[in-house]
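Topology and contacts: notes
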Amino acid sequence: MRGRDLINAFLPDEVILEIFRHLDSKASRDACSLVCKRWLSLERLSRTTLRIGASGSPDLFVKLLARRFVNVKSIHIDERLSISLPVQLGRRRGPRGGDHLTLSTLKLHYMTEISGSEEGQVESYCLSDAGLTALAEGFSKLEKLSMIWCSNITSLGLMSLAQKCTYLKSLDLQGCYVGDQGLAAVGKCCNQLEDLNLRFCEGLTDTGLVELALGCGKSLKSIGVAACVKITNESLEAVGSHCKSLETLSLDSEFVHNKGVLAVAQGCPLLKVLKLQCINVTDEALIAVGTGCLSLELLALDSFQQFTDRGLRAIGNGCKKLKNLTLSDCYFLSDKGLEAIATGCKELTHLEVNGCHNIGTMGLESIGRCCQHLTELALLYCQRIGNYALLEVGRGCKLLQALHLVDCSSIGDDAICSIARGCQNLKKLHIRRCYEIGNKGIIAVGEHCKSLTELSLRFCDRVGNEALIAIGQGCSLQHLNVSGCHQIGDAGIIAIARGCPQLNHLDVSVLQNLGDMAMLEIGEGCPLLKDIVLSHCRQITDVGLAHLVRNCTMLESCHMVYCQGITATGVATVVSSCPNIKKVVVEKWKVSPRTKRRAGSVISYLCVDL
């Protein structure tokens, strides 16, 4: 049977198409499309999603994509992604002698970062109304369109899109300077629209959003509005009147007051997600939410200057289904408000308290006693929360999987020991600048939390080698960040290398006692490593770097700024030894001309002037 193509001989198109739909990466799809002409054609038919950047010739570019991928239903366009077209547009003779514009070797090179040098600069252009019109004509079955910061798009292009893509269900216009006429056309023509993002659409006024609500309000389920200075209470009143199926509202505005939020709370009883950053909203609006939005599951309140425990108490009394709560910079909230949430919202699974300086230990103790389903807790800049809070969380929240602590100066080893003993399902532990936490607490984590995969201990001065030795013996980490933990040296990192073979991300920046021996062990023990940060590690040299990359062939990113022992030779070793390398951050003077020539075609961001 050698030499026979059994797959193409026996499998019909439908089966191969179904196989292609189950491929989980673009690289796998691209590889299959290169097998033969039949697979190329079928693979194009199986594509339902395109992610592109702005093109220098939008009309032609979009027409080419539409011709090749006829079943696309989702398109993501991000103007921050620049696109290079390295081949010239040419003409070829068709089978009947006609000329056809082609891009026979079209190459899309996505560059997430651009080097500061003038070499290799790629001329990029903005998607225009003409390009959007071509897109609408070519992809009439489109259901989801995201246009991020496409600043040249106006109402004219949006009107064309609305008229031709009537099946549209999701539209993201973040950063697009569209006007009221375009949004009104969407409301009139796209009667199946469910999701709409209008963040940073500075050209909109109440007129456009009101017209949209009148046109497709019955189908709308999600609306996001931010930095739209001309959107006021009038728009939200229209939403409350016409968008009865609304489930998600994200609102960031200085020009919306209680009246607008009240209208939504009273008119949208199915609301499940509410994110508010409105400094002029008071307790009155939150009381209405607690009374009218009984299905609320996620509430995020940011920068509320006039919001007190009275509003939060109403949420606790009414929103019994609340699962996710974020309180950020709400200065007038206290323990009493959080106690009301704890006693009323017993299904709470995620809690973040950020910069709420009047919330202390007692509020968190009530969460530990009442919210047994809590799986993620984040405490950021909470100086008044002490050990007893986490002692109660450790006793009551057995399902906790993620804990984030930032600048919590009153939390120490006793709290971490309690979490370790009581929350043995912990998978993520992120701690930054908590100076009372040392070896004792982290050793307890290593002894009890066998499922831990992510550990971040940034600038924790009291954490040393003993802690990492316990972690290496008890946990199989995939992600480790010990940046700025000055007591950690070779012994601790060696223990991690020997105990955590699944490690794929390592940040050891600013470790003054770390040397080449640790790099040798990491290279031998962690072959799956993809990202490493070595910046400001003065004792690591070219020798250690060579040992590291010898076996870590999957390395994609290496940061090594201000490493005195690393020279141009070490940089060249990384580039030549790691076939998957995508990003190297190093002083420009350490990159030799030969390394530039060798790496220029595969690294989008090679060096930084420092």
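Residues numbered from 1 in each chain as written. Predicted model: local features only at pLDDT ≥ 70, side-chain atom pairs only at ≥ 80, totals over all residues. Heavy atoms only, no water.

Looking at an unreviewed UniProt entry, the protein carries the name F-box domain-containing protein, with the source organism given as Xanthoceras sorbifolium.

Some remarks on the packing of helix H8 (residues 180-189) against helix H9 (residues 206-216)
At a minimum axis distance of 7 Å, the contact between H8 and H9 shows a crossing angle of 5°. Taken together, the axes of H8 and H9 are roughly parallel relative to one another. The residues of H9 that touch H8, namely those facing Asp 180, Leu 183, Ala 184, Val 186 and Gly 187, are Thr 207, Gly 208, Leu 209, Glu 211, Leu 212, Gly 215 and Cys 216. Split into classes, the residues belonging to the contact of H8 with H9 amount to six nonpolar, four polar and two charged. (Axes fitted to C-alpha atoms, helices over the stretch in contact; angles between N-to-C directions. Helix = DSSP H or I, 4+ residues; strand = E, 2+ residues; numbered from the N terminus. Parallel < 35°, antiparallel > 145°, perpendicular 65-115°, else oblique. Contact = heavy atoms within 4.5 Å. Nonpolar A, V, L, I, M, F, W, Y, C, P; charged D, E, K, R; others polar.)

Observations concerning the pairing of strand E15 (residues 402-406)
Along E15, five of the five residues are buried, which leaves the element largely enclosed by surrounding structure. Note: strand E14 (residues 376-380) against E15, five bridges, orientation parallel. When the sheet's bridge partners are listed, Leu 380 is paired in E15 with Val 406. In this fold, the crossover linking E14 to E15 by way of helix H16 (residues 387-396) has right-handed handedness. Two strands pair when backbone bridges link them, and E15 and strand E16 (residues 428-432) are joined in this way by five bridges, in the parallel orientation. Note that in E16 the partner of Val 406 across the bridge is Arg 432. The β-α-β motif built from E15, the intervening helix H17 (residues 413-422) and the parallel element E16 has right-handed crossover chirality. (Buried < 20%, exposed > 50% of the residue type's maximum accessible area, 1.4 Å probe, protein only. Pairing = 2+ DSSP bridges. Right-handed = clockwise from strand over helix to strand, strands pointing away.)

Details of the side chain of Ser 160
With respect to the secondary-structure elements, Ser 160 resides in helix H7 (residues 155-164). Residues within four places of Ser 160 in sequence aside, it is in contact with Thr 133 and Ala 136.

Here's the deal with the nonpolar core
Judged by nonpolar contacts, the single largest core of 175 residues is most densely connected at Leu 145, Leu 379 and Met 560. Not counting the four nearest positions on each side in its chain, Leu 379 is found in contact with Val 353, Leu 364, Ile 385, Leu 390, His 404, Leu 405, Val 406, Cys 408 and Ile 411. With six residues, the next largest nonpolar core counts Ile 16, Leu 17, Phe 20 and Leu 42 among its residues. (Core = buried A, V, L, I, M, F, W, Y, C linked by side-chain atoms within 4.5 Å.)

Focus on a positive patch on the surface
A cluster of basic residues, Lys 73, Lys 141, Lys 169, Lys 221, Lys 272 and Lys 321, forms a positive patch at the surface. Following the sequence through the fold, Lys 141 ends up in the loop between helix H6 (129-138) and strand E5 (144-148). (Patch = residues over 30% accessible without salt bridge, like charges linked within 9 Å, V, L, I, M, F, W, Y side chains within 5 Å. Areas by Shrake-Rupley, 256 points an atom, 1.4 Å probe, with all protein chains shown as cover. Salt bridge = Lys/Arg side-chain N within 4 Å of Asp/Glu carboxyl O. Lys, Arg positive; Asp, Glu negative; His and termini not counted. Charge placed at Lys NZ, Arg CZ, Asp CG, Glu CD.)

Topic: helix H18 (residues 439-448)
Buried within H18 we find Asn 439, Gly 441, Ile 442, Ala 444, Val 445 and Gly 446. Structurally, H18 contributes buried residues whose contacts are with H17, E16, strand E17 (454-458) and helix H19 (465-474).

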